[in-house]
Amino acid sequence: MILAVVENFGRLDILINAAGVIFDGDLESTYPQDHDYIIDINLRTVYHLISMAEPFLIKTKGVVVNLSCEWGRKPQTGMISYCMSKAGLEMMTKCLALELAPIRINCVAPGYTITNMFRYAYLPDA
């Protein structure tokens, strides 16, 4: 995907990591495969995409924007895996901002928004 962008446009200026998944579940009720899936999509994928984009973003002094959620900083009952993935994303953003300068790496964490993803996960409205 990264190479396709560079081949098509000749450069990479920005990477926006906006994909995510959510399942409710506390420690006792969360299946290990569900936990792994959330971590894989919300955290691991972002890590790999930044890793692949880094050489191209260095050349352009580009930008990475990661999308998190207020639950990355504020624990939520019954959402352990999701909260962990977003907290990890926010820490990864801070670490990579230091490590990969001059690439600017930021994280945006909007508040609770009722979306189809939240409705699908049967989460209560705010």
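Quick caveat, the model's predicted, so the values are computed rather than measured.

What counts, and where the lines are drawn
Residues numbered from 1 in each chain as written. Predicted model: local features only at pLDDT ≥ 70, side-chain atom pairs only at ≥ 80, totals over all residues. Heavy atoms only, no water. Core = buried A, V, L, I, M, F, W, Y, C linked by side-chain atoms within 4.5 Å. Buried < 20%, exposed > 50% of the residue type's maximum accessible area, 1.4 Å probe, protein only. Helix = DSSP H or I, 4+ residues; strand = E, 2+ residues; numbered from the N terminus. Contact = heavy atoms within 4.5 Å. Pairing = 2+ DSSP bridges. Axes fitted to C-alpha atoms, helices over the stretch in contact; angles between N-to-C directions. Patch = residues over 30% accessible without salt bridge, like charges linked within 9 Å, V, L, I, M, F, W, Y side chains within 5 Å. Areas by Shrake-Rupley, 256 points an atom, 1.4 Å probe, with all protein chains shown as cover. Salt bridge = Lys/Arg side-chain N within 4 Å of Asp/Glu carboxyl O. Phe/Tyr/Trp six-rings, centres within 6.5 Å; stacked < 30°, edge-to-face > 60°.

1. Re the nonpolar core
For step 1, the next point in the chain: Ile-2, Leu-12, Leu-15, Ile-50, Leu-57 and Val-64 are the most contacted members of the largest nonpolar core, which has 17 residues in total.
For step 2, the next point in the chain: Breaking this core down by element, the ones donating at least two residues are helix H1 (2-9), helix H2 (32-60) and helix H3 (80-99).
For step 3, the next point in the chain: Considering each element in turn, this core owes the most residues, six residues, to H2.
For step 4, the next point in the chain: Contact partners of Val-64, with chain neighbours within four places excluded, come to Leu-15, Asn-17, Ile-50, Leu-57, Ile-103, Arg-104, Ile-105 and Asn-106.
For step 5, the next point in the chain: Counting six residues, the second largest nonpolar core, distinct from the first, contains Ile-22, Trp-71, Tyr-82 and Cys-83.

2. Digging into the environment of Ile-14
For step 1, the next point in the chain: Relative to the elements of secondary structure, Ile-14 occurs in strand E1 (residues 14-17).
For step 2, the next point in the chain: When the C-alpha atoms of Ile-14 and Ala-109 are compared, they prove to be 18 Å apart, with 95 residues separating the residues in sequence.
For step 3, the next point in the chain: In contact with Ile-14, other than residues within four places in its own chain, are Leu-57, Val-63 and Val-65.

3. A few points about the sheet that holds strand E2 (residues 63-67)
For step 1, the next point in the chain: Taken in spatial order, the three strands line up as E1-E2-E3 in an open sheet, and their pairing is parallel. In this open sheet, the two strands that pair with only one neighbour each are E1 and strand E3 (104-108). Ignoring strand direction, the axes of neighbouring strands in this sheet form an average angle of 15°.
For step 2, the next point in the chain: Pairing of E2 with E3, which is carried by five bridges, proceeds in the parallel orientation.

4. Examining a nonpolar patch on the surface
For step 1, the next point in the chain: On the surface, a cluster of nonpolar side chains totalling about 320 Å² of accessible area is made up of Ile-14, Ile-16, Leu-67 and Val-108.
For step 2, the next point in the chain: With relative accessibility at 43%, the residue Ile-14 sits in the partly exposed group.

5. Digging into the pattern of salt bridges
For step 1, the next point in the chain: Taken as a whole and assessed by the stated rule, the structure comprises three salt bridges.
For step 2, the next point in the chain: Across the salt bridge formed by Arg-11 and Asp-13, the nearest N and O atoms sit 2.6 Å from each other.
For step 3, the next point in the chain: Residue Arg-44 is joined to Asp-40 by a salt bridge in which the shortest nitrogen-to-oxygen separation is 3.7 Å. Highlighted residues: Arg-44 and Asp-40, both in helix H2, separated by four residues, approximately one helical turn.
For step 4, the next point in the chain: Its relative accessible area of 31% is what places Asp-40 among the partly exposed residues.

6. Some details on the packing of aromatic side chains
For step 1, the next point in the chain: Per the counting criterion, the structure on display carries two aromatic pairs.
For step 2, the next point in the chain: Note on Phe-23 and Tyr-37: the rings are 6.1 Å apart at their centroids and 35° apart in plane angle, and the pair reads as tilted. Note that Phe-23 is positioned in the loop between E1 and H2 and Tyr-37 in helix H2, a separation of 14 residues in sequence.
For step 3, the next point in the chain: Overall, the relative accessible area of 41% leaves Tyr-37 in the partly exposed class.
For step 4, the next point in the chain: Between the aromatic rings of Trp-71 and Tyr-82, the centroid separation amounts to 5.9 Å while the plane-to-plane angle is 90°, which identifies the pairing as edge-to-face. A residue pair is termed long-range when its members are at least 10 positions apart, and Trp-71 in the loop between E2 and H3 and Tyr-82 in helix H3 qualify at 11 residues. In this structure, Trp-71 and Tyr-82 share a single accessibility class: buried.

Take it as geometry only, folks, not as evidence of what the structure does.
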